[in-house]
Amino acid sequence: MKAGRYGSRAILNPTFIDYATGKPFMHMDYANTASQETTADVVYATGGDGAPRRISFFGSKQSTLTFETQIFTMKHLAMFAGRDIEKGVRSIFKREVVPVVDKSGTLTITLQKTPVNLTSMTVLLFENGVATEEIVPTAIKTKDVELTTGTVVAGDEVEVFYRFETTTEAQRLSITSGDFPKYIQIIGDTVYADEVNTGIVSGQLTYFKARLQPNFTLNFSPTGDPTSLSMVFDIFPQKVLVDGSYKDTLYDIVLYDE
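In short, a report on the structure.

**Details of the pattern of salt bridges**
So, point 1. In the structure shown here, the tally under the stated rule is 8 salt bridges.
So, point 2. Across the pair Glu-159 and Arg-95 runs a salt bridge whose closest N-O atoms are separated by 2.9 Å. Residue Glu-159 is located in strand S14 (residues 157–165), and its partner Arg-95 is located in strand S7 (residues 91–99); the two are separated by 64 residues in the primary sequence.
So, point 3. Across the pair Lys-141 and Glu-146 runs a salt bridge whose closest N-O atoms are separated by 3.0 Å.
So, point 4. Each of Arg-83, Glu-86, Arg-90 and Asp-179 takes part in a single network of salt bridges with overlapping partners.

And the structure:
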């Protein structure tokens, strides 16, 4: 392809690859922004009248790759956790406010789910939006729960806290204190506009060895912009064949015509 002068106004779409196995495990084509930063330390030897800089010394070259995404999956969170996602039936905690009804002389409440057992259930009288005294449930009949008489009457409302089991396979991710992100490889695809050749060229960036920083924030708010997940990767050098010899390489940029 011919050399050109390039402009960039397109996202970098990464594919994440397990560093140990070499197998891709996730592609992301929905990030909002991607940014690449490469830095190095610079120190100077000075001397003479006015102590001007005479020689510069470079070192500690570092690179980070950052993605901001408002769309994420459990796999993203698993990368932060450094753990696999577990699948299976799970016990879920639930809260409901329901009316008390009289069913054939028995005070009963009907819940959305079937409670696991009575011992994991708490029923509170709910008056004007305030929970007051506790009511003792006596029996579970699928989603119907029978209550003791005397304290509540038909027409009252009660606040119920209970546990139910999922009917389908749930996903669970445990954020532990001793697990951290694993090393991966990242291959990102993007496009550049070419001012000279008035066309679009494809670009591919290969980060040979990367590791996600374990810090992340999930915001929960009903107003404002959707929460954005920030993924910051430290880039590490890997021996790559460059100009006929193996050199510590942080990443490659390849431009090519489709």
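**As for helix H1 (residues 74–81)**
So, point 1. Of all 8 residues making up H1, 6 are buried, and the element is well covered by its neighbours.
So, point 2. Among the residues of H1, those classed as buried are His-76, Leu-77, Ala-78, Met-79, Phe-80 and Ala-81.
So, point 3. Where H1 is buried, its residues touch strand S2 (13–18), strand S3 (24–27), strand S16 (183–194), strand S17 (199–212) and strand S18 (229–236).
So, point 4. Structurally, the start of H1 carries an N-cap: the backbone nitrogen of Lys-75 is 3.1 Å from a side-chain oxygen of Thr-73.

**Some thoughts on unusual backbone geometry**
So, point 1. Backbone geometry places Ala-51, a non-glycine residue, at a positive phi of 50°.
So, point 2. Counting through the fold element by element, Ala-51 comes out in the loop between strand S4 (33–46) and strand S5 (53–69).
So, point 3. Residue classification places Ala-51 among the partly exposed residues on the basis of a relative accessible area of 46%.
So, point 4. The phi dihedral of Asn-128 falls on the positive side, at around 55°, and the residue is not glycine.

**A few points about the nonpolar core**
So, point 1. The biggest cluster of nonpolar side chains holds 26 residues, and the ones touching the most others in it are Phe-16, Leu-65, Phe-67, Met-79, Ile-186, Met-231 and Phe-233.
So, point 2. Mapped by element, the contributors of at least two residues to this core are S5, H1, S16, S17 and S18.
So, point 3. Counting 16 residues, the second-largest nonpolar core is a separate cluster that includes Val-98, Leu-107, Leu-147 and Val-160.

**Describing the sheet that holds strand S10 (residues 122–127)**
So, point 1. Overall, antiparallel pairing links the 4 strands, which are arranged S7-S14-S10-S11 in an open sheet. In this open sheet, the two strands that pair with only one neighbour each are S7 and strand S11 (130–135). Each strand of the sheet is rotated relative to its neighbour by a mean of 30°, with strand direction disregarded.
So, point 2. In terms of strand pairing, S7 meets S14 through 9 bridges, oriented antiparallel. Paired with Phe-93 across the two strands is Arg-163, which belongs to S14.

**Section: the environment of Val-152**
So, point 1. With respect to the helices and strands, Val-152 occurs in the loop between strand S13 (144–147) and S14.
So, point 2. The class for Val-152 is buried, based on a relative accessible area of 2%.
So, point 3. In the structure, Val-152 is positioned 51 residues away from Val-101 in sequence and 10.0 Å away in space, judged by C-alpha atoms.
So, point 4. Discounting residues that sit within four places of it in the chain, Val-152 has contacts with Leu-107, Leu-125, Ile-135, Leu-147 and Val-158.

Rules of the game
- Residues numbered from 1 in each chain as written.
- Predicted model: local features only at pLDDT ≥ 70, side-chain atom pairs only at ≥ 80, totals over all residues.
- Heavy atoms only, no water.
- Salt bridge = Lys/Arg side-chain N within 4 Å of Asp/Glu carboxyl O.
- Helix = DSSP H or I, 4+ residues; strand = E, 2+ residues; numbered from the N terminus.
- Buried < 20%, exposed > 50% of the residue type's maximum accessible area, 1.4 Å probe, protein only.
- Contact = heavy atoms within 4.5 Å.
- Polar contact = N/O pair within 3.5 Å; in protein donor to acceptor, adjacent residues only side chain to side chain.
- Core = buried A, V, L, I, M, F, W, Y, C linked by side-chain atoms within 4.5 Å.
- Pairing = 2+ DSSP bridges.
- Axes fitted to C-alpha atoms, helices over the stretch in contact; angles between N-to-C directions.

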